[in-house]
Amino acid sequence: MPRLSLLVLLVAGCATAQTPPAVEAGIPTTDPVRPSDVAPVVGPEATERTATETAVAETIAQEGVHVVRLWAPWCGNSRAELEGGVWRDLVEAHPDVTFSFVTIWSDGRDGAEMLRRFGVSEGVAVYAQPDRGPSANRSLRRTTFLGLPLSWTPTTWIFNRGGKLAYAFNYGEVNAEQIAQAIDDANDPWAHD
Amino acid sequence: MTDAERTVSEAISREGVHVVHVWAPWCDNSLNEHGPVWQGFAARHPDASLTFVTVWNEGASGADRLGADGIAAAEVVVPGPKPEKADRRMTFLGLPVTWIPTTWVFNRGGLLAYAFNYGELSADELARAIEAAGTDW
């Protein structure tokens, strides 16, 4: 059975409320979805599936542990972890785990170039989750992915056991120890009654 | 939305940080957490609410067990028989419940901040999640 051990240095605070101005042309300049824009409960939207969701669903349905990272290249909090090498190191340290990097609220840009710049390219899958229209229009942004609520960027999910959600870190930045611990725990094939 | 979900939804939509714990009185893994994680919760986290959602228990309350273990929490019981192991998947508030114990932390008017769906967690990890969820960035 998994037992989360003591984790140090939880990085509090994150993206959306502190989003810096757009740094690339065409990137939304407004903050992403604010809590007031988001229903806390998954709605009918969950039944629709984009091509990106279908691809990620196929990945996480396979045996093993799968990390799904939802981020936005224009979001300083999303970038901070890349700049710190957190994701480069996590990917290198876990060759048996799949990593799917999915951009959200970014007008379909997949951020692959930024990932490469920070050493994240080998062994990862890169996707863009399109919105229902221009990402600058908050009401057109998607607020679920695979039926799970999506309120902040970055958001990190760990799946195991054939695509079941094991852990969700929805409230912004995480650190390497948290994710490494979650991966270890998700790898634990504990028996249950 | 079921009555149980409506009750919890109302609780977590208030200001502040809210912990929702899904468990069953017959589940040893759930009971393992009672001492280290849930006893004394209110003293450690006076600003967070705590709701136990009792599932897969023939609709019976686990209040006696919570009382015996010295756990002060609101309890919501999900009705229905204890399903076979293979059928023990459900959603609650739209979130998947695959294993118990499962623990969720909500903030900002009912948004999911953290989910620990894969079994037991430690008091330290819960404390860090509550602390982070209470940060207004």
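Everything numeric in this text was worked out from a predicted model, so none of it was measured.

1. A short note on the overall build of chain B
Okay, so step 1: Scanning chain B from terminus to terminus reveals 6 helices and 7 strands.
Okay, so step 2: Mapped in sequence order, the helices and strands of chain B form the string α-β-α-α-α-β-α-β-β-β-β-β-α.
Okay, so step 3: In summary, chain B has a C-alpha radius of gyration of 14 Å against a globular reference of 14 Å for 137 residues, a match within 12%.
Okay, so step 4: A principal-axis box enclosing the C-alpha atoms of chain B has dimensions of 45 × 30 × 25 Å.

2. Focus: the sheet that holds strand β3 (residues 74-77) of chain B
Okay, so step 1: The strand order across the open sheet built from 10 strands is β3(A)-β2(A)-β1(A)-β6(A)-β7(A)-β7(B)-β6(B)-β1(B)-β2(B)-β3(B), with neighbouring strands paired in mixed fashion. Either end of the sheet is taken by a strand with one partner, and the two such strands are β3 (124-128) of chain A together with β3 of chain B. Averaged over all adjacent pairs, the angle separating strand axes in this sheet is 25°, with direction ignored.
Okay, so step 2: Helix α5 (residues 176-186) of chain A rests against β1 (66-71), β6 (155-160) and β7 (164-169) of chain A of the sheet, and its axis sits at about 15° to β6 of chain A.
Okay, so step 3: Helix-sheet contacts for helix α6 (residues 123-133) of chain B involve β1 (17-23), β2 (48-54), β6 (102-107) and β7 (111-116) of chain B, and the interaxial angle to β6 of chain B is about 20°.

3. Some details on the confidence of the model for chain A
Okay, so step 1: A residue-level look at chain A finds 74% of positions with pLDDT of 70 or above and a mean pLDDT of 80.
Okay, so step 2: With pLDDT under 50 throughout, residues 1-46 of chain A is counted as low confidence; its partners more than four residues away or in other chains account for 120 contacts.

4. Some words on the environment of Asp96 of chain A
Okay, so step 1: Here Asp96 of chain A shows up in the loop between α3 (86-93) and β2 (98-103).
Okay, so step 2: Taking the C-alpha atoms as reference points, Asp96 of chain A and Ile158 of chain A, 62 residues apart in sequence, are found 13 Å from one another.

5. Examining helix α2 (residues 76-83) of chain A
Okay, so step 1: Within α2 of chain A, burial applies to Asn77, Ser78, Arg79, Glu81 and Leu82 of chain A.
Okay, so step 2: Following α2 of chain A by one or two positions, Gly85 of chain A adopts a phi angle in the positive range, close to 80°.

How each quantity is defined
- Residue indices begin from 1 for each chain and proceed along its sequence in written order.
- Chain letters and ligand numbers both follow the written order, the letters beginning at A and the numbers at 1.
- In keeping with the predicted nature of the model, local features appear solely for residues at pLDDT of at least 70, side-chain atom pairs appear and are counted solely at 80 or more, and the whole-chain, interface and lining totals rest on all residues.
- A run of H or I in DSSP becomes a helix once it reaches four residues, and a run of E becomes a strand once it reaches two; helices and strands are each numbered from the N terminus.
- Radius of gyration: over C-alpha atoms. The globule rule applied is 2.2 Å multiplied by the number of residues raised to the 0.38 power.
- Strand pairing requires that DSSP identify at least two bridges connecting the strands.
- Geometry is summarised by axes, namely lines fitted to C-alpha atoms with helices restricted to the contacting stretch, and by angles between N-to-C directions that run from 0 to 180 degrees.
- Residues are defined as contacting one another if the C-beta atoms placed from their backbone atoms lie within 7 Å.
- The pLDDT score gives, residue by residue, the confidence of the prediction method on a 0 to 100 scale.
- Here the C-beta atoms are placed from the backbone, and a residue counts as buried if at least 20 other C-beta atoms lie within 10 Å of its own, exposed if 12 or fewer do, and partly exposed otherwise.

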